[in-house]
Amino acid sequence: GSGGSGGSGGSGGSGGGLQRLLAGLREALRLKTEGNQLYAAGEYDGAIECYSAAMAADTGGMVLPLLLGNRAQAQLRAGRPVRALQDVEAARRLDAGSAKLLLRRAACRMAMGQGEEAEADY
């Protein structure tokens, strides 16, 4: 897809902090979408780069658990279960109630040969 840069700029003022947060969130979501497309195409390393860049852009951490979970899945598919597990654990510290993250942790543990721990997550 082709796409120019959106409306950049914006005047400072009292809403400057909020504007920066929202701009960061928009960029993070754009990068997440790009990462999802790369992931779907089997380009896991490219997806990981996009998710990492999205985390850096999301200065407010508004979608951090989601991005960590996505990056964990890409790490797992890329054959790096230890890194995937680190991302899952970081995401769970932010969103402990997520069943999806629990299942991702189980998948990481299975890939690492930790069957009993994985079973506890299921």
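Our structure is the block above this text.
Report on the accompanying structure. Note that residues are indexed from 1 along each chain, following the sequence as it is written. In view of the model being predicted, local features appear only for residues whose pLDDT reaches at least 70, and side-chain atom pairs are presented and counted only at 80 or more, with totals across whole chains, interfaces and linings using the full set of residues. Note: side-chain values were computed over all heavy atoms of the structure, leaving out hydrogens and water.

Helix and strand content of the protein: six helices and zero strands. Contacts spanning at least 24 positions in sequence make up 44% of the contacts within the protein whose residues lie at least 6 apart. For the protein, the accessible surface area stands at approximately 7,200 Å², while carbon and sulfur atoms represent 51% of it. Helix and strand definitions here come from DSSP, where helices need a minimum of 4 consecutive H or I residues and strands a minimum of 2 consecutive E residues; each element is numbered from the N-terminal end. Two residues form a contact once any of their heavy atoms are found within 4.5 Å. Working definition of accessibility: Shrake-Rupley area with a 1.4 Å probe, residue cover restricted to the visible protein chains.

It is worth spelling out the environment of Y122 at this point. Here Y122 is to be found in the segment after α6 (115-121). Taking the C-alpha atoms as reference, Y122 lies 9.8 Å from R104; in sequence the two are 18 residues apart. Setting aside chain neighbours within four positions, we find Y122 in contact with L103, A106 and A107.

Here we come to helix α5 (residues 99-111). Relative to the 18 Å expected for 13 residues at 1.5 Å per residue, α5 spans 19 Å between its end C-alpha atoms, a close match to the ideal helical length. For α5, the complete set of buried residues consists of L101, R104, R105, A106, C108 and R109. The elements touched by buried residues of α5 are α3 (64-77), α4 (81-94) and α6. Between N or O atoms, a polar contact is any pair within 3.5 Å; within protein, one atom must be a potential hydrogen donor and the other a potential acceptor, and residues adjacent in sequence are included only when both atoms are from side chains. The N-capping residue of α5, defined by a side-chain oxygen 3.4 Å from the backbone nitrogen of K100, is S98. G113 sits one or two positions beyond α5 and adopts a positive phi of about 80 degrees. A helix is expected to reach a length of 1.5 Å times the quantity of its residues less one. Type-normalised accessible area, obtained with a 1.4 Å probe on protein chains alone, sets the label of each residue: buried when under 20%, exposed when over 50%, and partly exposed for intermediate values.

A cluster of nonpolar residues, L18, L21, L22 and M62, forms a patch on the protein surface that exposes about 330 Å² of accessible area. Given the relative accessible area of 43%, M62 is considered partly exposed. For patch detection, residues must exceed 30% relative accessible area and be free of salt bridges, and they are connected within 9 Å for like charges or within 5 Å for nonpolar side chains (Val, Leu, Ile, Met, Phe, Trp, Tyr). We count a salt bridge whenever a side-chain nitrogen from Lys or Arg sits within 4 Å of a carboxyl oxygen from Asp or Glu.

A few words now on helix α1 (residues 16-40). Between the first and last C-alpha of α1 there are 36 Å, a value that for 25 residues agrees with the 36 Å anticipated at 1.5 Å per step. Residues of α1 that are buried include every one of G16, G24, L25, A28, L31, K32 and G35, and no others. Each element contacted by the buried residues of α1 is listed here: α2 (44-57) and α3. Following α1 by one or two positions, G42 adopts a phi angle in the positive range, close to 80 degrees.

Along the chain, A72 turns up in helix α3. When the C-alpha atoms of A72 and V88 are compared, they prove to be 6.0 Å apart, with 16 residues separating the residues in sequence. In contact with A72, other than residues within four places in its own chain, are A84, D87 and V88.

Residues enter a nonpolar core if they are buried and are Ala, Val, Leu, Ile, Met, Phe, Trp, Tyr or Cys, with the set joined through side-chain atoms within 4.5 Å. A28, Y51, A54, V63, L67, L68 and A74 are the most contacted members of the largest nonpolar core, which totals 16 residues. Those elements that place two or more of their residues in this core are α1, α2, α3 and α4. When residues in this core are grouped by element, the largest group, six residues, is from α2. What A74 contacts, discounting residues up to four positions off in sequence, is Y39, Y44, A47, I48 and Y51. Formed by six residues, the second largest nonpolar core is a distinct cluster that contains A72, A84, L85 and V88.

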